[in-house]
Amino acid sequence: MNLILFGPPAAGKGTQAKRLVDEHGMVQLSTGDMLRAAIASGSELGQKVKGVLDRGELVTDEIVIALIEDRLPEAEAAGGAIFDGFPRTVAQAEALDAMLAGRGAKVDVVLRLKVDETALTGRIAKRFAEQGRPDDNPEVFGTRLKAYNDQTAPLLPYYKGQGKLVELDGMGSVEAVAADIDAALGQVVK
Ligand code: AMP
């Protein structure tokens, strides 16, 4: 099964993706993690994207599509992927559909974690204090939220039109959201 965890930054996508990996043996494909790893390694790609991440803007579609394409065989071998933080633009969603179709696969379900902006801002302030991730600082977080609203939220009608969108309340505890995710996945016909 291929599922997309969809939502604004700090909605809980990464936390829930890691739990699904642990409990269901799926593969998490987080473009944010891949980009941070590239930056940490000092690779050419890392040097190219560092400023973009620091500013809270989106890197080009071309870069993230290539990162995902590289990892699809591994995900396929594991029985499917949890896409976390990808796609973030309509062009990325179209490319993902095409890449999966080329492998005889598809996006099975898009789980949207709904969290209001006040709660997101509170979560991010806490994460910034605890982990000090540079793009969690309040000013950059504002840019990330704007990128979500302007460039990523338009994917909601895209997936709704495909009949794949499931909306979940992301405001509850990690356990409550996990239970809702499992219930939603139980409904998905593979
Ligand atoms: P994340 O950890 O998913 O919040 O991603 C951290 C940062 O990486 C984002 O603010 C973007 O700069 C970049 N990024 C991650 N995924 C994507 C994507 N699918 N498209 C464009 N930029 C991305």
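Predicted model only: the values in this text are computed from it and were never measured.

Some remarks on the site of the ligand
- Of all residues adjacent to the ligand, which total 16 residues, the nearest are Thr31, Arg36, Glu57, Arg88 and Gln92.
- Glu57 has a polar backbone atom sitting 2.5 Å from an oxygen atom of the ligand.
- Measuring from a nitrogen atom of the ligand, one finds a side-chain N or O atom of Arg88 at 3.0 Å.
- Surface burial for the ligand is 96%, taken as the share of its 480 Å² of free accessible area covered by protein chains.
- Taken together, the residues of the shell around the ligand sort by class into six nonpolar, four polar and six charged.

Some points on helix H4 (residues 61-77)
- The first and last C-alpha atoms of H4 sit 25 Å apart over 17 residues, in line with the 24 Å expected at 1.5 Å per residue.
- Taken as a whole, H4 carries its principal kink of about 40° at Arg71; the proline Pro73 stands between one and four residues after it.
- All of the buried residues in H4 are Ile63, Val64, Ile65, Leu67, Ile68, Leu72 and Ala75.
- Its buried side turned inward, H4 meets strand E2 (27-30), helix H2 (31-41), helix H3 (44-55), strand E3 (81-84) and helix H5 (90-102).
- Note on H4: the residue one or two positions beyond its end, Gly79, has a positive phi of about 95°.

Points about the pairing of E3
- Where burial is concerned, the two faces of E3 agree: the one with Ala81 and Phe83 and the one with Ile82 and Asp84 are both buried.
- Of the pairings in the sheet, the one linking strand E1 (residues 3-6) to E3 comprises three bridges and is parallel in character. The residue of E3 that forms the bridge with Leu5 is Asp84.
- With four bridges connecting them, E2 and E3 associate as parallel partners.

Focus on the environment of Pro8
- Inspection of the secondary structure puts Pro8 in the loop between E1 and helix H1 (13-24).
- Its relative accessible area of 6% is what places Pro8 among the buried residues.
- Sequence separation between Pro8 and Lys146 is 138 residues; the distance between their C-alpha atoms is 9.6 Å.
- Once residues within four sequence positions are removed from consideration, Pro8 is found in contact with Lys13, Leu113, Leu120, Leu145 and Tyr148.

Regarding the packing of H1 against helix H9 (residues 174-186)
- Contact geometry of H1 with H9 gives a least axis separation of 11 Å together with a crossing angle of 60°. On the basis of the axis angle, H1 is oblique to H9. Crossing angle aside, the handedness with which H1 passes H9 is right-handed. Between H1 and H9, the residues in contact are Thr15, Gln16, Arg19, Leu20, Glu23 and His24 and Val174, Val177, Ala178, Ile181, Asp182 and Leu185, respectively.
- The class makeup of the residues in the contact of H1 with H9 is six nonpolar, three polar and three charged.

About the thresholds
Residues numbered from 1 in each chain as written. Predicted model: local features only at pLDDT ≥ 70, side-chain atom pairs only at ≥ 80, totals over all residues. Heavy atoms only, no water. Near = heavy atom within 4 Å. Polar contact = N/O pair within 3.5 Å; in protein donor to acceptor, adjacent residues only side chain to side chain. Areas by Shrake-Rupley, 256 points an atom, 1.4 Å probe, with all protein chains shown as cover. Nonpolar A, V, L, I, M, F, W, Y, C, P; charged D, E, K, R; others polar. Helix = DSSP H or I, 4+ residues; strand = E, 2+ residues; numbered from the N terminus. Expected span 1.5 Å × (residues − 1). Bend = angle between axes of the 7 residues up to and from the residue. Buried < 20%, exposed > 50% of the residue type's maximum accessible area, 1.4 Å probe, protein only. Contact = heavy atoms within 4.5 Å. Pairing = 2+ DSSP bridges. Axes fitted to C-alpha atoms, helices over the stretch in contact; angles between N-to-C directions. Parallel < 35°, antiparallel > 145°, perpendicular 65-115°, else oblique. Left-handed = near helix turned anticlockwise from the far one by under 90°.

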